[in-house]
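The lines below spell out each chain.
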There are 2 protein chains.
Amino acid sequence: MSKIVEPKILSGFMELLPAQQIIIERIKKIIQNNFEHFGFTPLDTPVIELSEVLLAKAGGETEKQIYQFQKGDNDLSLRFDLTVPLARYVAMHQNELTFPFKRYQIGKVYRGERPQKGRFREFYQCDIDIIGREKLNILNDAELPCVIYNIFTQIGLKDFTISINNRKILKGFFESLGLASKSSDILRITDKIAKIGQKNVTESLIEIGISSKEIEAILNFITTTGQNNEVLKTLSRMDITNDDFVQGILEIKEVLRGLNQLGVPEEFYKLDLSISRGLDYYTGTIYETTLNKYPQFGSICSGGRYDNLASFYTTTKLPGVGISIGLTRLFDQFCSAGFIKGYVQTPSCILILPMSIQEQEMAFSFSAQLREKNVNVEVFIEDIKFPKKMTYANKIGVPMIAIIGENERNSGTIVIKDMVTAEQKVLPIDQAVKFVVQSAKQEKVLFPVQMPL
Amino acid sequence: MSKIVEPKILSGFMELLPAQQIIIERIKKIIQNNFEHFGFTPLDTPVIELSEVLLAKAGGETEKQIYQFQKGDNDLSLRFDLTVPLARYVAMHQNELTFPFKRYQIGKVYRGERPQKGRFREFYQCDIDIIGREKLNILNDAELPCVIYNIFTQIGLKDFTISINNRKILKGFFESLGLASKSSDILRITDKIAKIGQKNVTESLIEIGISSKEIEAILNFITTTGQNNEVLKTLSRMDITNDDFVQGILEIKEVLRGLNQLGVPEEFYKLDLSISRGLDYYTGTIYETTLNKYPQFGSICSGGRYDNLASFYTTTKLPGVGISIGLTRLFDQFCSAGFIKGYVQTPSCILILPMSIQEQEMAFSFSAQLREKNVNVEVFIEDIKFPKKMTYANKIGVPMIAIIGENERNSGTIVIKDMVTAEQKVLPIDQAVKFVVQSAKQEKVLFPVQMPL
C-alpha cells in the first residue's frame, strides 16, 4: 500500500455535496434558459490566456490577484472576469461576428484574494452583454434588467429591487455645481452611501474639498426618493441644461419605458440616483440589485453601459451594455441565510428497486420505458437485502420508488410509492409508466431558493 | 488612445464562433440530460488543486504535462483529468456520501502537451462513474455503455460500436500460456493492434521474448471474431480453468445480458478480445467506442472497471466503473470530417422586427407573450432601415421572423415568415403566439452532428 495523502482542497474554493450541487445546477439552468430566451448566444473562452493580452488593461488591485505563471516560453494568466476575454474575442473576430452581438457566458473566473467569509478565489460569473459596432440603441439597456427580473423570480427570489441610474445624470449634475474635475472622486465616495451612511460620506467629501453647501446639494440630490415618474419630475424641475444631464434623463426615460413595455412589474425596478458603481468603465445606465429585506447581501447583480468595450485591442468603437450575476458568492449567501433546503441527492424522479436479482430484468425494462418518456430514473443494482435498499432510497431523498418483487414479476405489475406522502399503488406496467410520467411532470417544482415570506 | 495589444489566444485552446458554439452546447446538453436520465448526480470540483494532493499518484508523462505553479505559499496544479479529483472528493467525503455513488462531471481539464492537430491543452471531459464502498455489482458495468448508446444516437451518430472486453479474461489467458509475468507488457503491445497492425505487434512481442508459438496463440485469441455468443462459445471451448479467466467470462456474460435487458440493440455493442486499454488502472470490464466507417477517429469514448478508486487518499476500498467522452477533441474531429454544418448564430426560434420605433412596444409585448410559453425570442432593437434589419436576420440564421409595421400595428396583426421556406402569413396576435409556439415545438430538430449515411 502506498503512502496516504490527506485529501483536501484549497481554501477559498467552493466544492459542494450532492444535495447542494443539485440546487446550484438548477439555478444555473434557470439562468442559462433565460439568457437563451432572450436570444443571447453562448460563448466559451479559454480559462488560460496570454498575460500580455489579458492584462493589457489591468492594474492595481486586480493585477495583484491574478493567477499568473510561466509554462514553457509563455507568460500565462487565468481569467479574472468574463469581460476582458469578451473584449478580446470581439476585437479578434469583429469581421466574423454579426452586430449587435448578444452573448452570454457562464464560467469560472479566478482571483487570488485573501480568503475571507463570502469571498472566493474560484467563482462562477454569469454574464450577458450586448455589443454594438459604432452605436447601440439605448433600449437594449431595458432588456437586461428584464432578463434579470425573470431569472430572480424563477429561482424563487421575492421582494427584490433592480436599481437603475445613469452616470450621465450624475456627471451632469456635478458639472452644474462646477465640480466637473472632482466628478470621479465624488462618485467613488457617494457610491458607498448605503454601506457607510451619510455622515461618513459627508466627511469624505469635505476631505476632497467639497464645500458644505455643495455637499448638501449632492446629498439632497442622490437621496431623492419617490415613484420613478416623481423622481423624473423632480429632475426636470431642477432646470439643469448641462448636455450630459439632459441626455442622461432622456436615456433613463427610454429604459424605464422599455421595462414597462416588456412587462416587468414596476415594484421590481427603481430609478435610484444614489447608485453609481465604482468602476470608471461605465458611462451611461448602471444597475444594482438588492433583496429588500436583506440589505446585508449587498448588490446581487450589477452592470451597466460602456462606451467602448475593447479599446485596448482595436480601434473599432464597440459600445455595449452588460450585467453579471456572481453565482458562487450569491449561492453561498443563500446558504448562510438558510434559503437552501437541499436534501435530495439525485436528479432521479424515481428509483426502481428490484427485490432480488430475478426482478432485475423487469426493472431494467421498466427503466428504459420511462427514460424514453424523458423521466430521470435510477435502477438499484446492488444485490443486498431489501431493507438496505430502502435505506439507500431514503438517504438519496428520491421522491418516488418502484418496487418489483416476485408477486409483481408474476403478475406484470409494479408497486409505486410516493416517498413524501407514503401513498402506494399497484399498477400494471403500462399504467405504471403513464402514472410515473404524469407524476414527474406534476411534481411540484419547488423553487431552488426558498426565501421566507 | 492607449496602445493596441493584438488580441489572440494560446495555441492548443479551442475557441469557437457562435454557429459552432451553439452546436457543441447542444451536444453538451444531450450528454448532461442522459447522465441525469440515468440518475447520475452532478459534481463540480475546483480546477485548481494542491499539487501534493493532485499529483499523489501521477508520474512520468502526465506529470510533465501539468500546469503547475506557485501562488503565495501554495504549490498549485490545474486538474489534468476528472478522475483524480473524483478520487480525492470521494475519499474526503466518504462519510457524507451515499454509496453506490453515481456522479457525473462535465468540465475542462488541462494538459500542457506539445500542440498538434487534434490535441488540446484545455479540453472538456464528460465523465460518469459509479463508486461502491467495498463492492460494486457487475451489472453496473452494463449501464454505462447503455448511457453512451443513448447519447451517441441522440447527437446523430450512426453505425458505431461499443467494444467491450474484460481484463481478467486477457490476464487469465496469458497466465494459462505461462506468461503471467509479462502480462502488462503484452497488453500494452496488443492494445495497439488496430493502429499498427499484426506484423508490428508480432515484432514487438518477439522483442520482449515471446515465442512464435505463443505469439500465434495470442494473435489467434485476440482476433477471435463473431457474434457475441459465438465468441463466448469459443472462449468456453478453450477449457481454460484459470480463476481470472473464468471470472472474466462470468462478468462479461452479465454485462452483455444487462445490455440486452436495457434494450440496447445488439449491433451497437460487441465483445472484442483485442481491446485492452493502455492504463494499468483497469482491472475488469473495459470499453472503447469506434465509428465503424471512420476508424481514423480512434476510440471516441473509453473507460472501464477499477478495483480501487482512491488508494492514495484512503484505506477504504472503493471499486468503481467509469466512462468518459473527450468532447473537445471529438467535436474537433466532427468538424474536420464535415459533420458540423452550423450556420445558425442564435438560440432564438424567432426574431421580431419592428419596422420603426413606433412598433417597438408591440414587439416587446409580443416577445413577452412568447417567452412565457418558453419560446426563445429576440427583438431587434436598433433603429436602422428595414433592409438592414433583414440582413441581420439572414446573417444570424434565425428560422422564423415576425414583422410588425404600421399596418400590423393598426390592425393588431403580425406577419410571421418562415426563413427556410419563405412562406409567410398574417395573423392576429393571439393566433400568432399559438402558431409560433407550435412551430417552435415542431421545428424539425436536426441532429447536432450530421453524419453522412
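This one's a predicted model, so the numbers in the text were calculated from it and none came from an experiment.

Re the sheet that holds strand S2 (residues 48-50) of chain A
In a beta sheet, neighbouring strands are held together by backbone hydrogen bonds and run either parallel or antiparallel to one another.
All names here are of chain A.
Logical step 1: Read from one edge of the open sheet, three strands run S2-S4-S3, paired in antiparallel fashion. Each edge of the sheet is formed by a strand with only one pairing partner; in this case those strands are S2 and strand S3 (68-71). Averaged over all adjacent pairs, the angle separating strand axes in this sheet is 40 degrees, with direction ignored.
Logical step 2: Taken together, the four bridges between S3 and strand S4 (residues 74-78) define a ladder with antiparallel strand orientation. What sits directly across from Phe 69, in S4, is Leu 76.

Observations concerning the sheet that holds strand S13 (residues 377-379) of chain B
All names here are of chain B.
Logical step 1: Pairing is mixed across the open sheet formed by five strands, whose spatial order is S13-S12-S14-S15-S16. The open sheet terminates on both sides in strands that have one partner only, identified here as S13 and strand S16 (424-428). Sheet twist, expressed as the mean angle between neighbouring strand axes with direction ignored, is 25 degrees.
Logical step 2: Examined bridge by bridge, strand S12 (residues 350-354) and S13 share three bridges and lie parallel to one another. Bridge assignment links Ile 352 to a residue of S13, and that residue is Val 379.
Logical step 3: Those strands touched by helix H14 (residues 386-396) are S12, S13 and strand S14 (400-404), and its axis lies near 175 degrees from that of S12.

Here's the deal with the interface of chain A and chain B
Logical step 1: Taken together, the contacts link 105 residues of chain A with 106 residues of chain B.
Logical step 2: Interface area, chain A with chain B, both sides summed: about 9,000 Å², of which 59% is carbon and sulfur.
Logical step 3: The three residues of chain A that bury the most area against chain B are A:Glu15, A:His37 and A:Asp44, which together make up 8% of that side's buried surface.
Logical step 4: The partner of B:Lys108 in a salt bridge is A:Asp44, and the shortest N-O contact between them spans 2.8 Å.
Logical step 5: Scanning the region where chain A abuts chain B turns up 33 residue pairs in polar contact (both at pLDDT 80 or more).
Logical step 6: At nine residues, the largest contribution of residues to the side of chain A that touches chain B is made by helix H1 (residues 18-37) of chain A.
Logical step 7: Across the side of chain A that touches chain B, the residue classes break down as 51 nonpolar, 27 polar and 27 charged.

Structural notes on the pattern of salt bridges
Two side chains carrying opposite charge are able to pair once their charged atoms lie near each other.
Logical step 1: Under the counting rule described, the total for this entry stands at 39 salt bridges over all chains.
Logical step 2: Here A:Glu113 ties to A:Arg119 by a salt bridge, and the two come within 4.0 Å at their closest N and O atoms.
Logical step 3: Assessed through its relative accessible area of 34%, A:Arg119 is described here as partly exposed.
Logical step 4: For B:Asp129, the salt bridge goes to B:Arg103, with nearest N and O atoms at 3.0 Å. Placement of B:Asp129 in strand S6 (residues 122-131) and of B:Arg103 in strand S5 (residues 101-110) is noted, with a sequence separation of 26 residues between them.
Logical step 5: Residue class for B:Asp129 comes out buried when judged on its relative accessible area of 4%.
Logical step 6: When its relative accessible area of 0% is taken as the criterion, B:Arg103 is described as buried.
Logical step 7: Counted as one network, the salt bridges with shared partners bring together A:Glu15, B:Glu49 and B:Arg88.

Topic: the relation of the copies chain A and chain B
Logical step 1: Each copy of the sequence occupies a distinct position, and chain A is placed on chain B by a rotation of 180 degrees and an axial shift of 0.0 Å, giving an RMSD of 0.0 Å. The relationship between the two copies is best expressed as a two-fold rotation axis. Proximity to the rotation axis, assessed at the C-alpha, singles out A:Phe69 in chain A; its C-alpha lies 3.1 Å from the axis.
Logical step 2: Most of the interface of chain A is mirrored in chain B, where 100% of its interface residues are also at the interface.

Some remarks on the state of the cysteines
Logical step 1: Within the structure shown, the criterion is met by zero disulfides over all chains.
Logical step 2: Between A:Cys349, a free cysteine, and B:Cys146, which holds the nearest cysteine sulfur, the sulfur-to-sulfur gap is 17 Å.
Logical step 3: B:Cys301 takes part in no disulfide bond, and the closest cysteine sulfur to it belongs to B:Cys126, at a distance of 9.4 Å.

Observations concerning the confidence of the model for chain A
Logical step 1: Here chain A shows a mean pLDDT of 94. Residues at 70 or above account for 98%.
Logical step 2: If you check the scores for this complex, the pTM reads 0.96 and the ipTM reads 0.95.

A short note on the packing of aromatic side chains
Between two aromatic rings, the relevant description is the distance of the centres plus the angle of the planes.
Logical step 1: Considering all chains together, one arrives at 39 aromatic pairs over all chains under this definition.
Logical step 2: Look at B:Phe334 and B:Phe339: their rings are 6.0 Å apart centre to centre, the planes differ by 35 degrees, and that puts the pair in the tilted class. The same class applies to B:Phe334 and to B:Phe339, which are both buried.
Logical step 3: A connected cluster of aromatic rings, assembled from ring pairs, spans A:Tyr67, A:Phe69, A:Tyr110, B:Tyr67, B:Phe69 and B:Tyr110.
Logical step 4: Over the face of the ring belonging to A:Tyr67 we find B:Lys71, whose NZ or CZ atom lies 5.2 Å from the ring centre.
Logical step 5: The ring of A:Phe38 has B:Arg371 lying over it, and the distance from NZ or CZ to the ring centre is 3.6 Å.

A short note on the pairing of strand S9 (residues 285-291) of chain B
All names here are of chain B.
Logical step 1: The element S9 is extensively covered by neighbouring structure, given that six of its seven residues are classed as buried.
Logical step 2: The sheet contact formed by strand S7 (residues 160-166) and S9 spans seven bridges and is antiparallel. The residue bridging Ser 163 from the neighbouring strand is Glu 288, located in S9.
Logical step 3: In this sheet, strand S10 (residues 302-306) lies alongside S9 in antiparallel orientation, the contact comprising two bridges. Its bridge partner lying in S10, Tyr 287 is registered against Gly 303.

Quick look at the packing of helix H1 (residues 18-37) of chain B against helix H5 (residues 140-155) of chain B
All names here are of chain B.
Logical step 1: Two numbers describe how H1 lies on H5: the axes approach to 9 Å, and their chain directions differ by 150 degrees. Considering the angle they form, H1 stands roughly antiparallel to H5. Handedness of the H1/H5 crossing: right-handed. Contacts from Ile 27, Ile 30, Ile 31, Asn 34 and Phe 35 of H1 reach H5 at Val 147, Asn 150, Ile 151, Gln 154 and Ile 155.
Logical step 2: Looking at side-chain class alone, the contact of H1 with H5 contains seven nonpolar, three polar and no charged residues.

As for the environment of A:Ile208
All names here are of chain A.
Logical step 1: Mapped onto the elements, Ile 208 comes out in the loop between helix H8 (193-207) and helix H9 (212-222).
Logical step 2: Between the C-alpha atoms of Ile 208 and Ser 356, which are 148 residues apart in sequence, the distance is 79 Å.
Logical step 3: In this view, Ile 208 contacts Lys 182, Asp 185, Ile 186 and Ile 189; residues no more than four positions away in its chain are not counted.

Definitions and cut-offs
- Residues numbered from 1 in each chain as written.
- Chains lettered and ligands numbered in written order.
- Predicted model: local features only at pLDDT ≥ 70, side-chain atom pairs only at ≥ 80, totals over all residues.
- Heavy atoms only, no water.
- Pairing = 2+ DSSP bridges.
- Helix = DSSP H or I, 4+ residues; strand = E, 2+ residues; numbered from the N terminus.
- Axes fitted to C-alpha atoms, helices over the stretch in contact; angles between N-to-C directions.
- Contact = heavy atoms within 4.5 Å.
- Buried area = accessible area lost by both parts, 1.4 Å probe.
- Salt bridge = Lys/Arg side-chain N within 4 Å of Asp/Glu carboxyl O.
- Polar contact = N/O pair within 3.5 Å; in protein donor to acceptor, adjacent residues only side chain to side chain.
- Nonpolar A, V, L, I, M, F, W, Y, C, P; charged D, E, K, R; others polar.
- Buried < 20%, exposed > 50% of the residue type's maximum accessible area, 1.4 Å probe, protein only.
- Least-squares fit on C-alpha atoms with pLDDT ≥ 70 in both.
- Disulfide = S-S within 2.5 Å.
- pLDDT = per-residue confidence, 0-100.
- Phe/Tyr/Trp six-rings, centres within 6.5 Å; stacked < 30°, edge-to-face > 60°.
- Lys NZ or Arg CZ within 6 Å of the ring centre and 35° of its normal.
- Parallel < 35°, antiparallel > 145°, perpendicular 65-115°, else oblique.
- Left-handed = near helix turned anticlockwise from the far one by under 90°.

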